[in-house]
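Letter by letter, the chains look like this.
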Amino acid sequence: MIKITFPDGSVKEFEPGISSLEIAEQISPRLAGEVYAATVNNEVRDLTRPIYADASLVLHKWDDEPARHAFWHSSAHLMAEALESIYPGIKFGIGPAIENGFYYDVDPGDGRVITDADLPAIEKKMKELAAENLKFTRREVSKKEAMDIFTAKGDEYKTELIGELEDGSITLYTQGNFTDLCRGPHLPSTAPIRAIKLLNVAGAYWRGNEKNKMLTRIYGITYPKQKLLDDYLVFLEEARKRDHRRIGRELELFTFSPHVGMGLPLWMPKGAELRQNLIDFMTRILKKRGYQIVTTPHIGNVNLYKTSGHYEKYGKDSFQPMATPQEGEQFMLKPMNCPHHCEIYNAKPHSYKDLPFRMAEFGTVYRYEQSGELHGLTRVRSFTQDDAHHFCRHDQLKEEFKSIIDLVQFIFKAVNLNEYSAQISLRDPDNREKYIGSDENWEKAENAIIEAAGEKELETTVVPGEAAFYGPKLDFMVKDAIGRKWQLGTIQVDYNLPERFDLTYNGSDNQKHRPVMIHRAIFGSLERFIAVLIENTAGKFPLWLAPEKAVVLPISEKFNDYARKVFDFLNNSDICTLIDERSEKIGKKIRDNELKRIPYLLIIGNNEAVNETVSVRRQGEGDRGTMKPEEFADLVRKEIAGEITF
RNA sequence: GCCGAUGUAGCUCAGUUGGUCAGAGCAGCUGAUUUGUAAUCUGCAGGUCGGGGGUUCGAAUCCCUUCAUCGGCUCCA
């Protein structure tokens, strides 16, 4: 007998060779129907794999990620089988499970094209196959055998993959008439895959390399119950309503015009107000935190970017330099602010006592993003960074980092952005020569970042090899309405620019020393930040950010005079207020202004006019009772003060 | 840039196999109504069906091309 240890610490004995599924069945047949994968001795495996020795066992139900992973990975194989039956000779790339569902990259061959219109037929075939309760069987094969199988099939993508695998570690999975090279694990059979939805098709380069052939990627999602699928589709539908492009238009925040150019956002009055609120807020904080604001031009001599090295690296892919008419000098639209800031640093000598020098600018930069990249406000060709550079001594690096992390946490909290992730990017330990700067400095900088994050209790994932060539960095990521990740804030150590611009300071030893530079943005770009903010709030901004704080709604035109007095009073009190004097019923006015996400609706009828009060209704909540206009103004000021403290 | 899809009034969408197919709702403007916490009623106006070519007796509808947008891939200083 073998001893199996369960997550709760209990131990039970079973016959050697028993599978996880059989164990589940012995515990309860119902449990067996709800588990999709097992972790045996910390390795996720097929439920059907036999266990021969003492082991720890975790059975995974749908709520566990490994269960969904096996479920969706199996679904990808199911889709592949359906595809092969509909498109004989189709070739397969890779088909993994992803965060929400799965995809498979395929080469239909023969000039065949798979489009959205073909998805229902594939879906139908999948359902038929799933209902056949096809068993997934695992087989270990030699490299040669695997190679022979896929060579015979003529699938050069699989043979390419097999060529890179080590002999002895290759497994195949078969269900029905379909066999795939695969590490697994898989479901015992196709039967649990009951609800199936293929979502979309897209092009994807083989192995993610744009020099390779473009394959057709089909995205899908499956569930063990139709209800779960329906819920997911409803979620997607709801998320689309929060799309910042849609809300931006509805709330008249921003627009794009083909006459101005793609990827060049035009901020409408309300959007500009929102933007300005963010800038004012940030500026006040920066001043409190020892930053000095600078302003630099939108263009710079091309030689500036040659000095910085950016011209060499990105010049060809940028908006091209423009020449002056007489002297023929070359200027570029500035793709970043740092070279300008380095020149400001160099405008006067610095003492070690002056450092850190924190220089900030809301700098608008221009980058040529490929046409297919443009995406609402999140990916544009003109955007404003809340950029800053800290010029400091090496011994100040960690403290500077901590101060910036603290600032990021403070700002994100102020805008109610509570779900974000942080990633520390270090250099590739096997490839040190591609980085600039001494080993010693790198080591210090990397440790400074890791320690700073630790001391600020910031949860991070550390990714070696992702650092920029000029220094390690810490990035902050948030998700949009449908779960796509976008990078917002970034903190980057830079050893490169101080060298290139020959930045120095006088040390206590009266020698010249090289400062270290930290690039840092918190919003990242105002455009992207506002996009994320819109999607996270569905346009219901915190009061301090809302372009308009209140709207006065007279119940009939008889009360317009008093309504106007309230309107004037509030605007004179610096509370941006609207008035709705249309001859509509109050229900209609409330509805329209609720949809415009105006935070406060002030209803004024006979009672209010006589008593000189306003009836306050909070957006999304309802009636808050009546009060004097002065009291309402106080309420607004207090609420804002509660939202943001400096 | 690459693959696929889409493009009809400010917005959301109808327009069957090419033949009164240029429509609806909302928004806008008229007029009536004077309203108590999420949609009052009437009338009017609004589109060379993204642009340009072509096929046809006839094109929103079919073909080509171009622009833009959407979903991905690649890229992202």
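Residues numbered from 1 in each chain as written. Chains lettered and ligands numbered in written order. Predicted model: local features only at pLDDT ≥ 70, side-chain atom pairs only at ≥ 80, totals over all residues. Heavy atoms only, no water.

**Student:** Could you give an account of the overall build of chain A, naming the residues involved and the relevant values?
**Tutor:** Helix and strand counts for chain A stand at 20 helices and 35 strands. Considered along the principal axes of its C-alpha atoms, chain A spans approximately 80 × 75 × 55 Å. Here chain A holds 646 residues, and the buried ones make up 51% of them. For chain A, the proportion of contacts with a sequence separation of at least 24, taken over those separated by at least 6, is 67%. Total accessible area on chain A is roughly 31000 Å²; 48% of this is exposed by carbon and sulfur atoms. Put simply, chain A has 86 plus and 98 minus side-chain charges, and the middle of one group is 3 Å from the middle of the other. (Helix = DSSP H or I, 4+ residues; strand = E, 2+ residues; numbered from the N terminus. Buried < 20%, exposed > 50% of the residue type's maximum accessible area, 1.4 Å probe, protein only. Contact = heavy atoms within 4.5 Å. Areas by Shrake-Rupley, 256 points an atom, 1.4 Å probe, with all protein chains shown as cover. Lys, Arg positive; Asp, Glu negative; His and termini not counted. Charge placed at Lys NZ, Arg CZ, Asp CG, Glu CD.)

**Student:** I'd like a rundown of unusual backbone geometry, residues and numbers included.
**Tutor:** The amide bond that connects Gly-184 to the next residue, Pro-185, takes the cis arrangement and shows omega of -5°. Assignment of secondary structure puts Pro-185 in the loop between β13 (178-181) and β14 (195-205). Going from Leu-355 to Pro-356, the amide bond is cis rather than trans, its omega being 0°. Here Pro-356 shows up in the loop between α12 (338-345) and β22 (357-366). Unlike most non-glycine residues, Arg-597 shows phi in positive territory, near 60°. In this structure, Arg-597 sits in the loop between α18 (586-595) and β33 (600-604). Its identity is not glycine, yet Glu-612 carries a phi of approximately 55°, on the positive side. Along the chain, Glu-612 turns up in the loop between α19 (606-611) and β34 (614-618). For Glu-612, a relative accessible area of 41% puts it in the partly exposed group.

**Student:** For the sheet that holds strand β30 (residues 516-525), give the residues involved together with the corresponding values.
**Tutor:** Overall, mixed pairing links the eight strands, which are arranged β18-β22-β23-β30-β27-β26-β24-β25 in an open sheet. In this open sheet, the two strands that pair with only one neighbour each are β18 (291-293) and β25 (460-464). Shown here is a sheet whose adjacent strand axes are inclined to one another by a mean of 25°, direction ignored. One ladder, built from six bridges, connects strand β24 (residues 420-426) with strand β26 (residues 473-479); its direction is antiparallel. (Pairing = 2+ DSSP bridges. Axes fitted to C-alpha atoms, helices over the stretch in contact; angles between N-to-C directions.)

**Student:** Would you mind going over the packing of aromatic side chains in detail, with residue names and values included?
**Tutor:** Under the defined criterion, the tally for this structure stands at 28 aromatic pairs. By the ring-pair criterion, three or more aromatic residues cluster together here, those being Tyr-36, Trp-62, Phe-71, Trp-72, Tyr-223, Tyr-232 and Phe-235. Across from the ring centre of Phe-410, 5.3 Å away, lies the NZ or CZ of Arg-289, which sits over that ring. Between the NZ or CZ atom of Lys-306 and the centre of the ring of Tyr-311, over which it lies, the distance is 5.2 Å. (Phe/Tyr/Trp six-rings, centres within 6.5 Å; stacked < 30°, edge-to-face > 60°. Lys NZ or Arg CZ within 6 Å of the ring centre and 35° of its normal.)

**Student:** Which residues make up the protein's contact with RNA strand B, and what values go with them?
**Tutor:** Surrounding RNA strand B, one finds 52 residues, the nearest of these being Tyr-205, Ser-371, Glu-373, Arg-591 and Ser-615. Of everything in RNA strand B that lies within 4 Å of the protein, sugar and phosphate atoms constitute 49%. Here Glu-210 contributes a side-chain N or O atom positioned 3.2 Å from a sugar or linking oxygen of RNA strand B. Of all elements in the fold, only β14, β15 (214-223), α8 (244-250), α11 (310-314), α18, α19 and β34 reach the threshold of two or more residues within the surface near RNA strand B. Here the element with the most residues in the surface near RNA strand B is α18; it accounts for seven residues. Taken together, the residues that form the surface near RNA strand B break down as 17 nonpolar, 17 polar and 18 charged. (Near = heavy atom within 4 Å. Polar contact = N/O pair within 3.5 Å; in protein donor to acceptor, adjacent residues only side chain to side chain. Nonpolar A, V, L, I, M, F, W, Y, C, P; charged D, E, K, R; others polar.)

**Student:** An account of helix α7 (residues 226-241) is needed here, citing residue identities and associated values.
**Tutor:** For α7, built from 16 residues, the straight-helix expectation of 22 Å at 1.5 Å per residue is met to within 8% by its first-to-last C-alpha distance of 23 Å. Of the positions making up α7, those classed as buried are Leu-229, Tyr-232, Leu-236 and Ala-239. The buried residues of α7 occupy an angular sector of 80° when projected down its axis, which confines them to one face. Contact partners of the buried residues in α7: β14 and β15. (Expected span 1.5 Å × (residues − 1). Arc of directions from axis to C-beta.)

**Student:** Go over the pattern of salt bridges with me, naming the residues and quoting the values.
**Tutor:** Following the criterion strictly, the structure yields 52 salt bridges and no others. Glu-13 is the partner of Lys-3 in a salt bridge, and the nearest nitrogen-oxygen pair spans 3.7 Å. Highlighted residues: Lys-3 in strand β1 (residues 2-5) and Glu-13 in strand β2 (residues 11-14), separated in sequence by ten residues. With relative accessibility at 42%, the residue Lys-3 sits in the partly exposed group. The partner of Arg-514 in a salt bridge is Asp-502, and the shortest N-O contact between them spans 2.7 Å. Taken together, the positions of Arg-514 in the loop between β29 (512-513) and β30 and Asp-502 in the loop between α15 (496-500) and β28 (505-506) put the pair twelve residues apart, joining distant regions of the chain. For Asp-502, a relative accessible area of 48% corresponds to the partly exposed category. (Salt bridge = Lys/Arg side-chain N within 4 Å of Asp/Glu carboxyl O.)

**Student:** Can you tell me about the side chain of Asp-46, naming the residues and giving the values?
**Tutor:** Summarising the element assignment, Asp-46 is placed in the loop between β5 (43-45) and β6 (50-51). For Asp-46, a relative accessible area of 3% puts it in the buried group. Polar contacts involving the side chain of Asp-46 include one to the side chain of Tyr-173, which spans 2.5 Å.

**Student:** I'd love a proper account of the nonpolar core, names of residues and values included.
**Tutor:** The tendency in soluble globular proteins is for nonpolar side chains to be buried as a group. Counting residues in each nonpolar core, the largest one holds 62 residues, and the members touching the most others are Leu-278, Leu-397, Phe-401, Ile-411, Phe-412, Leu-474 and Phe-529. Considering every element that reaches this core, the biggest residue donor is helix α13 (residues 397-414), with nine residues. Listed in part, the 37 residues of the second largest apolar core include Ala-76, Ile-114, Leu-198 and Ile-221. (Core = buried A, V, L, I, M, F, W, Y, C linked by side-chain atoms within 4.5 Å.)

**Student:** Let's hear about the sheet that holds strand β11 (residues 137-141): which residues, and what values?
**Tutor:** Two modes of strand pairing occur in sheets, parallel and antiparallel, and in both the strands are linked by backbone hydrogen bonds. One open sheet accounts for three strands, arranged β11-β12-β13; its pairing is antiparallel. Both edges of this open sheet fall to β11 and β13, since each of them pairs with a single strand only. Neighbour-to-neighbour, the strand axes of the sheet open up by a mean angle of 25°, direction not taken into account. The pairing of β11 with strand β12 (residues 170-175) spans five bridges and is classified as antiparallel. What sits directly across from Arg-139, in β12, is Leu-172.

**Student:** For the domain arrangement of chain A, give the residues involved together with the corresponding values.
**Tutor:** Domain boundaries in chain A define domain 1 (2-61), domain 2 (66-239), domain 3 (254-298 + 334-537) and domain 4 (550-643). Each of domain 1 and domain 2 was reduced to a C-alpha centroid, and the two centroids are 27 Å apart. Contact with domain 1, which involves eleven residues of that partner, is made by twelve residues of domain 2. Around 930 Å² of area is buried between domain 1 and domain 2 when both sides are counted, 68% of it from carbon and sulfur atoms. Looking at the side of domain 1 that touches domain 2, the elements with two or more residues in it are β4 (35-40), β5 and β7 (55-61). Classifying every residue of the side of domain 1 that touches domain 2 by side-chain character gives five nonpolar, two polar and four charged. (Domains from an automatic or database assignment. Buried area = accessible area lost by both parts, 1.4 Å probe.)

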